[in-house]
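Structural overview for review
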Amino acid sequence: MNSHSPARRPQSPAWARIFETATRLFYAEGVHAVGIDRIIAEAGVAKATFYHHFRSKDDLVRAYIVEQSRQQRRLVEESAAATPRETLLLAFQKMCEFGAEPTYRGCAFINTAAEYPDPAHPVRQAIDEHRDWNRRLFRDLLAAEGHPDSARTAEILMLLKDGLAVGFDLDDPESVGIAAREAVTRVVDGGNDRSFGTRTEGSISAFMP
């Protein structure tokens, strides 16, 4: 499987300090709640250095979203399993593991989209590009297993993924994880006929703790 993950070019130490500081603060507190002056202070750089690397705060926010997407694509590539179905189930397993962490503050893409309502904004466009990749990933994995309606089922999985992202933030992660196991199995296997792929123990529980 080739997810066409965008490569991240090597950057200067100052760029890295700015970016890592912004990433931590954006995810923990929200994008609009964190100003440039705070990022500059906590990164330990001069204002001129910040603007040398980023034309504006929006430019930094877009870089943050692009990097989050790159990391997710890399994670999918590194955790690819023996079959497309197992890879799909493992993707939801990773999401459940992340949602159970004490530092979890929701989905970076959903959180940031809520702060950028204009669909034409470059930040929203970067979010849309990530979601298009995610949707294609689900569709292609399902199609590779012979699912009879891979495109529609991929849309259902996107809705489930979005719901889980919010559920882990608002409800008990363990309860949400249990519901996720059953929900993903029902969605992935619910439209099966005898020609749909290789069944593996018939349950996502084989891949999720």
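The rules behind each value
- Residues numbered from 1 in each chain as written.
- Predicted model: local features only at pLDDT ≥ 70, side-chain atom pairs only at ≥ 80, totals over all residues.
- Heavy atoms only, no water.
- Core = buried A, V, L, I, M, F, W, Y, C linked by side-chain atoms within 4.5 Å.
- Buried < 20%, exposed > 50% of the residue type's maximum accessible area, 1.4 Å probe, protein only.
- Helix = DSSP H or I, 4+ residues; strand = E, 2+ residues; numbered from the N terminus.
- Contact = heavy atoms within 4.5 Å.
- pLDDT = per-residue confidence, 0-100.
- Phe/Tyr/Trp six-rings, centres within 6.5 Å; stacked < 30°, edge-to-face > 60°.
- Axes fitted to C-alpha atoms, helices over the stretch in contact; angles between N-to-C directions.
- Parallel < 35°, antiparallel > 145°, perpendicular 65-115°, else oblique.
- Left-handed = near helix turned anticlockwise from the far one by under 90°.
- Nonpolar A, V, L, I, M, F, W, Y, C, P; charged D, E, K, R; others polar.

Looking at the nonpolar core
- In terms of nonpolar packing, the biggest core is built from 53 residues, with Phe26, Leu60 and Leu157 touching the most fellow members.
- Taken together, the elements giving at least two residues each to this core come down to α1 (13-29), α2 (36-43), α4 (57-78), α5 (84-99), α6 (108-115), α7 (122-144), α8 (150-170) and α9 (173-189).
- When residues no more than four places from it in sequence are discounted, the contact partners of Leu157 are Leu88, Phe92, Phe138, Leu142, Val187 and Val188.

Some details on the confidence of the model for the protein
- Residue-level pLDDT values for the protein average 87, and 86% of them are 70 or greater.
- Here α9 stands out as the element of the protein with the lowest mean pLDDT, 89, in contrast to α2, whose mean of 98 is the highest.
- Taken as a whole, residues 1-7 scores under 50 in pLDDT and shows 17 contacts with residues more than four places along the chain or in a different chain.
- Below a pLDDT of 50 lies the segment residues 193-209, which in the model reaches 40 contacts outside its immediate sequence neighbourhood of four places, other chains included.

As for the packing of aromatic side chains
- In total, this model carries nine aromatic pairs according to the counting rule given.
- With a centroid separation of 5.6 Å and an interplanar angle of 20°, the aromatic rings of Phe92 and Phe138 are classed as stacked. Taken as a pair, Phe92 in helix α5 and Phe138 in helix α7 lie far apart in primary sequence, 46 residues in all.
- Judged by relative accessible area, which is 2%, Phe138 ranks as buried.
- A centroid spacing of 6.2 Å and a plane angle of 80° characterise the contact between Tyr104 and Phe168, whose relative ring orientation is edge-to-face. Here Tyr104 is found in the loop between α5 and α6, whereas its partner Phe168 is found in helix α8, with 64 residues between them in sequence. This pair shows no difference in class: Tyr104 is buried, exactly as Phe168 is.
- A network of ring pairs unites the aromatic residues Trp15, Phe19, Phe50, Tyr51 and Phe54 as a single cluster.

A word on the packing of α7 against α8
- Close contact between α7 and α8 brings their axes to 8 Å; oriented N to C, the two are set at 130°. By the angle between their directions, the pair α7 and α8 is classed as oblique. The way α7 lies across α8 gives a crossing that is right-handed. Contact with α7, carried on its side by Arg131, Asn134, Arg135, Phe138, Arg139, Leu142 and Ala143, involves Ser150, Ala151, Thr153, Ala154, Glu155, Leu157, Met158, Lys161 and Asp162 of α8 and no other residues of that element.
- Class assignment for the residues of the contact of α7 with α8 results in seven nonpolar, three polar and six charged.

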